[in-house]
Amino acid sequence: MNTESRYERGLAKLREVDGQAGDRVVQSLEDIAPDFARYLIEFPFGDIYSRPGLDLKSREIAVVAALTAMGNATPQLKVHIHAALNVGVSREEIVETIMQMAVYAGFPAALNGLMAAKEVFAQ
């Protein structure tokens, strides 16, 4: 697997998942860490998101759950809530996923996640 094919595959997958929001994240890194922007395209999207086994909807539900549970990644959570909507996850499924995290990550993490979802839904 050569680097260019990973990059091209990752960029296509990023755009499929995140649309313009993904492009904005990559562009925001170009002036400070262009190599990191490339890694962000190649590994998560070129390697992991491109694997068979889970559809994009399932992957985004998992990412929303993980970022909610982390409790310290609100900007990334908002990007992935938008991505989840973009790949067909309903608002109700997003809210239920975030609420489920209250059991495992606590009420503060779930509450912060719900507030992030509310902001994304309002856009």
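Residues numbered from 1 in each chain as written. Predicted model: local features only at pLDDT ≥ 70, side-chain atom pairs only at ≥ 80, totals over all residues. Heavy atoms only, no water.

Participant: When you look at the nonpolar core in this model, what are you seeing that I'm missing?
Facilitator: Buried together is how nonpolar side chains tend to be arranged in soluble globular proteins. Val64, Leu77, Ile81, Ile94, Ile98 and Ala117 are the most contacted members of the largest nonpolar core, which has 13 residues in total. Broken down by secondary-structure element, the contributors of at least two residues to this core are helix H4 (56-70), helix H5 (74-86), helix H6 (91-105) and helix H7 (107-122). It is H7 that provides the largest number of residues to this core, a total of four residues. When sequence neighbours within four positions are dropped, the list of residues in contact with isoleucine 81 reads Val64, Ile94, Ile98, Gly113, Ala116, Ala117, Val120 and Phe121. Val17, Leu29, Ala37 and Tyr49 belong to the second-largest nonpolar core, a separate cluster that totals 11 residues. (Core = buried A, V, L, I, M, F, W, Y, C linked by side-chain atoms within 4.5 Å. Buried < 20%, exposed > 50% of the residue type's maximum accessible area, 1.4 Å probe, protein only. Helix = DSSP H or I, 4+ residues; strand = E, 2+ residues; numbered from the N terminus. Contact = heavy atoms within 4.5 Å.)

Participant: How do you make sense of the packing of aromatic side chains when you look at a structure like this?
Facilitator: We describe a pair of aromatic rings using the distance from one ring centre to the other and the angle between the two ring planes. Across all of its chains, the model carries one aromatic pair by this definition. Taking the centre distance of 4.4 Å and the plane angle of 25° together, the rings of phenylalanine 45 and tyrosine 49 count as stacked. According to the relative accessible area criterion, phenylalanine 45 is buried, its value standing at 5%. A relative accessible area of 9% means that tyrosine 49 is categorised as buried. Directly above the ring of tyrosine 7 sits arginine 38, whose terminal nitrogen or CZ lies 4.4 Å from the centroid. (Phe/Tyr/Trp six-rings, centres within 6.5 Å; stacked < 30°, edge-to-face > 60°. Lys NZ or Arg CZ within 6 Å of the ring centre and 35° of its normal.)

Participant: Mind showing me how you'd approach the side chain of glutamate 60 here?
Facilitator: Structurally, the position occupied by glutamate 60 is in helix H4. The contact partners of glutamate 60, leaving out residues within four places of it in the chain, are Val17, Tyr49, His80, Ala83, Ala84 and Val87.

Participant: Can you walk me through the packing of H4 against H6 in this structure?
Facilitator: To characterise two packed helices, one gives the angle between the axes of the helices and the distance between these axes. One can describe the packing of H4 onto H6 by two numbers: an axis separation of 9 Å at closest approach and a directional angle of 40°. The angle between H4 and H6 places the two elements in the oblique class. H4 and H6 meet at a crossing whose hand is right-handed. In this structure, H4 contributes Lys57, Ile61, Val64, Ala65, Thr68 and Ala69 to the contact, and H6 contributes Glu93, Thr97, Ile98, Met101 and Ala105. (Axes fitted to C-alpha atoms, helices over the stretch in contact; angles between N-to-C directions. Parallel < 35°, antiparallel > 145°, perpendicular 65-115°, else oblique. Left-handed = near helix turned anticlockwise from the far one by under 90°.)

Participant: Explanation requested: the layout of surface pockets in the structure shown.
Facilitator: The gaps left among the atoms become clear once a water-sized probe is rolled over them. Considered as a void within the structure, the largest pocket measures approximately 370 Å³ in volume. Lining the largest pocket we find 15 residues, and of these Val25, Leu40, Gln76, Val79 and His80 sit closest to its centre. Only helix H1 (3-18), helix H2 (20-29), helix H3 (34-48), H4 and H5 provide two or more residues apiece to the lining of the largest pocket. For the lining of the largest pocket, the per-class residue count stands at 11 nonpolar, three polar and one charged. Its boundaries defined by the atoms lining it, the second largest pocket holds a volume of some 190 Å³. Every residue along the wall of the second largest pocket is listed here: Asp18, Gly19, Gln20, Ala21, Arg24, Lys78, Val79, His82, Val120 and Gln123. (1 Å grid on protein atoms, 1.4 Å probe; cavity = no way out; pocket = protein on both sides within 12 Å on 5 of 7 lines; lining within 4 Å. Points joined across faces, edges and corners; volume = space filled by probe spheres on them. Nonpolar A, V, L, I, M, F, W, Y, C, P; charged D, E, K, R; others polar.)

Participant: Looking at this model, I keep getting lost on the environment of methionine 70. Mind explaining?
Facilitator: Relative to the elements of secondary structure, methionine 70 occurs in helix H4. Sequence-wise, methionine 70 and glycine 113 are 43 residues apart; in three dimensions their C-alpha atoms are separated by 9.9 Å.

Participant: Mind showing me how you'd approach H2 here?
Facilitator: An α-helical turn contains 3.6 residues, so any two residues separated by three or four positions project in the same direction. Within the span of H2, buried status applies to Ala21, Gly22, Val26 and Leu29. Within H2, the buried residues cover an arc of 140° as seen down the axis, which keeps them to one side. Exposed and oriented more than 90 degrees from the buried face of H2 are Gln20 and Gln27. (Arc of directions from axis to C-beta.)

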